[in-house]
Amino acid sequence: MYENNIKPAQFSRLDSITGEFWVSGMVSHIGKDPYFRWHDSGDLQGLYHLEKIAAVCHATPDTMHWLPTREYGVIKAFIAKHGKNSIPKNLIVRLSAMYPDKPVQIPASLQNLPGITASNVHTKTPIGSPCKAPSQNGACLDCRECWSDSVISY
Ligand code: SF4
């Protein structure tokens, strides 16, 4: 009953980031998962979106979150509005590389801030800590480095 009726309704609400139930729907969806990755596809839609993700992180203190993004400007706007220590302690924001083999240049206003790091993409030589998945048949297995503040090279 619950699976068939209530959950699909919650998930349909998740489609609308601007909807009033999005934060509570995501908190319910994440449940007690110890690790959560945002955005298998897509990216931040704006400052309001990151503010809602931060609210979800605050409401799921036992979950570690990581968020890949190319929307550096949204992160800058969030820090400018909320302060240098405003990324929730259980969230890692990873500024994603725009091009392979070109390391991310973290904007000056975001350098050395807690919860903000980068990820690069390499074709030959890793630019950072190399992701283990390619040597593990594409699986993370017990690696959780994406949820750390290391710069990772995929
Ligand atoms: S293997 Fe580790 S570094 Fe690679 S995607 Fe998985 S958690 Fe991230």
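Before any of the text, the structure's been laid out above.
## Remarks on the site of the ligand
Neighbouring residues of the ligand: Cys131, Lys132, Ala133, Cys140, Cys143, Arg144, Glu145, Cys146, Ile152 and Tyr154. Its residues assigned to classes, the shell around the ligand comprises 7 nonpolar, no polar and 3 charged.

## Some remarks on the nonpolar core
Membership of the largest hydrophobic core comes to 28 residues, with the highest contact counts inside it found for Trp38, Leu67, Ile75, Val93, Leu95 and Ile116. Of all the elements in the fold, those that place two or more residues in this core are α2 (22–30), α3 (47–59), α4 (72–82), β3 (91–96) and β4 (116–120). Other than its neighbours up to four places away in sequence, Leu67 contacts Trp38, His39, Leu44, Leu50, Ile53, Leu91, Ile92, Val93 and Arg94. Ranked by size, the runner-up nonpolar core spans 5 residues in total, among them Trp66, Cys146, Trp147 and Ile152.

## Structural notes on the environment of Met98
Tracing the chain through its elements places Met98 in the loop between β3 and β4. For Met98, a relative accessible area of 44% puts it in the partly exposed group. A sequence separation of 21 residues divides Met98 from Ser119, and the C-alpha atoms of the two residues are 9.8 Å apart. Ignoring anything within four residues of it in the chain, the contact list for Met98 reads Arg70 and Tyr72.

Criteria and cut-off values
Residues numbered from 1 in each chain as written. Predicted model: local features only at pLDDT ≥ 70, side-chain atom pairs only at ≥ 80, totals over all residues. Heavy atoms only, no water. Near = heavy atom within 4 Å. Nonpolar A, V, L, I, M, F, W, Y, C, P; charged D, E, K, R; others polar. Core = buried A, V, L, I, M, F, W, Y, C linked by side-chain atoms within 4.5 Å. Buried < 20%, exposed > 50% of the residue type's maximum accessible area, 1.4 Å probe, protein only. Helix = DSSP H or I, 4+ residues; strand = E, 2+ residues; numbered from the N terminus. Contact = heavy atoms within 4.5 Å.

Geometry only, nothing functional implied.
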